[in-house]
Amino acid sequence: MLSSLACDPQNTRGRRFLEEESPFRSPFQRDRDRIIHSTAFRRLKHKTQVFVEHEGDHYRTRLTHSIEVAQVARTIASVLGLNPDLTEAVALAHDLGHPPFGHTGEEVLNACLAGFGGFDHNAQTIRVVTRLERHYPEFDGLNLTWECLEGIAKHNGPVANPLPWALAEYTNEHDLALHSRASAEAQVAALSDDIAYNTHDLDDGLRANLFEEADLLNLPIIGDSFRQVKQQYPHLDTDRRRHAALRGFFDALVRSAIAETRSRLDALAPGDANVVRNAGFAAAMFPEAMRNDLDTVRTFLYGHMYRHPTVQKVRDRAAEILEALFHAYRNDASWLPEGWLEIEDTDGSEAQARAISDYVAGMTDRFALQEHARIRGQNPALDGALRL
């Protein structure tokens, strides 16, 4: 039973290119399946979350992160009576536009495109699903529903001017109502992103020995969780103790997100999905006390993990590699795949720069390293300087 505030797949605003719908799957289920089968989704397997993908088999990648976000999002949506298929589709797609090497790659491409409108991974995701995926004979992209595209574009909130160029380019042709909030489903996907990365980054940071359990005991939520586990299971081994504590942290975030979001949706009912879009507040949110606690956890992760000297060393080296690749392609287009610039219909310096950014953004960490080695005339093995 869906809430009246949920997006109804029978009343979707449709797809940009008219298609006969599936007799077996709803439009949102079809969106989800197209995302899963996309080339960009498979590439997430070898794209950095925090650690470069070759540094360990157990660290999260963009792919495993996206799957974790989708699992959380679908659960929360189902509990709240929202459409789980749309929520899952937005969650699975939300990082498709991320370049290699995580946010370092995004910063490099943004700098390289400073004179051409910059680079934003959310906007690039729209470009991926509306243009760069080329499998269907009738259209470029995946031809997702309006609701799915809307959720991808503004799951983090309304998008203000000036728009990232990739988003502006598409919305000039297909209005996604960027001034309003996204559906409740897309907002839940964004909230689930926060839940997933805060939990798994603590896990990966412990696994990488960037900090210790003792460092977490004074933090809100996670410190309490460790103490509860120790009290209940005083002789538990390290791996089980950590897993149990992180489960408690994760559970606390999910429960608080459900309670606060339910309260906010109740305040908007009765109504329909547009009531959520036009509300003066976000529908999916943590309670204020939890938001403050999470800010403390994020500050810890920023100082002890994201800017840890060993991680920063990798970030710096990755930035050098991507910048070198971008300028190598700009200086000599013969390094690009045959016909790439023609496919993108480049008609000048700006168009060429954007086409090159599309190519670089689509790379996996592994392929970027191999390309850098190829262009430098080196053996295309993984670069030792990128190991922690």
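It should be noted that the structure appears before, not after, this text.
The following paragraphs examine the structure supplied in this document.

**Examining the packing of helix α3 (residues 62-80) against helix α9 (residues 184-207)**
For the pair α3 and α9, interaxial distance at closest approach is 8 Å and the crossing angle is 130°. As summarised for this structure, α3 and α9 are arranged oblique, according to the angle between their axes. For the element pair α3 and α9, the recorded crossing hand is right-handed. Here His-65, Glu-68, Val-69, Val-72, Ala-73, Ile-76 and Ala-77 of α3 come into contact with α9, specifically with Val-188, Ala-189, Ser-192, Asp-193, Ile-195, Ala-196, Tyr-197 and His-200. Within the contact of α3 with α9, the residues separate by chemical class into ten nonpolar, three polar and two charged.

**Describing the pattern of salt bridges**
A full pass over the atoms with the stated rule returns 32 salt bridges. Glu-19 is paired through a salt bridge with Arg-30; the nearest N and O atoms lie 3.9 Å apart. You can see Glu-19 sitting in the segment before α1 (27-36) and its partner Arg-30 sitting in helix α1, a full eleven residues away along the chain. Classification of Arg-30 as buried rests on a relative accessible area of 12%. A single salt-bridge network, built from bridges that share partners, covers Arg-15, Glu-19, Glu-21, Arg-30, Asp-31 and Arg-34.

**A short note on the side chain of Arg-264**
Among the structural elements, Arg-264 can be located in helix α12 (residues 238-268). A polar contact is formed between the side chain of Arg-264 and the side chain of Glu-260, at a distance of 2.9 Å. What Arg-264 contacts, discounting residues up to four positions off in sequence, is Phe-281, Ala-282, Ala-283, Met-285 and Arg-291.

**Notes on the packing of aromatic side chains**
On inspection of all chains with the given rule, the structure shows six aromatic pairs. Taken together, a centroid distance of 5.2 Å and an interplanar angle of 55° make the contact between Trp-340 and Tyr-359 tilted. Of this pair, Trp-340 sits in helix α16 (residues 340-343) while Tyr-359 sits in helix α17 (residues 349-361), placing them 19 residues apart in sequence. Trp-340 gets classed as buried once you look at its relative accessible area, which sits at 17%. Taking the centre distance of 6.4 Å and the plane angle of 90° together, the rings of Tyr-359 and Phe-367 count as edge-to-face. By the ring-pair criterion, three or more aromatic residues cluster together here, those being Tyr-329, Trp-340, Tyr-359 and Phe-367. Lying over the aromatic face of Trp-146, Arg-13 brings its terminal NZ or CZ to 3.8 Å of the ring centre. Positioned above the aromatic ring of Tyr-136, the side-chain terminus of Arg-34 is 4.8 Å from the ring centre.

Thresholds applied
Residues numbered from 1 in each chain as written. Predicted model: local features only at pLDDT ≥ 70, side-chain atom pairs only at ≥ 80, totals over all residues. Heavy atoms only, no water. Axes fitted to C-alpha atoms, helices over the stretch in contact; angles between N-to-C directions. Helix = DSSP H or I, 4+ residues; strand = E, 2+ residues; numbered from the N terminus. Parallel < 35°, antiparallel > 145°, perpendicular 65-115°, else oblique. Left-handed = near helix turned anticlockwise from the far one by under 90°. Contact = heavy atoms within 4.5 Å. Nonpolar A, V, L, I, M, F, W, Y, C, P; charged D, E, K, R; others polar. Salt bridge = Lys/Arg side-chain N within 4 Å of Asp/Glu carboxyl O. Buried < 20%, exposed > 50% of the residue type's maximum accessible area, 1.4 Å probe, protein only. Polar contact = N/O pair within 3.5 Å; in protein donor to acceptor, adjacent residues only side chain to side chain. Phe/Tyr/Trp six-rings, centres within 6.5 Å; stacked < 30°, edge-to-face > 60°. Lys NZ or Arg CZ within 6 Å of the ring centre and 35° of its normal.

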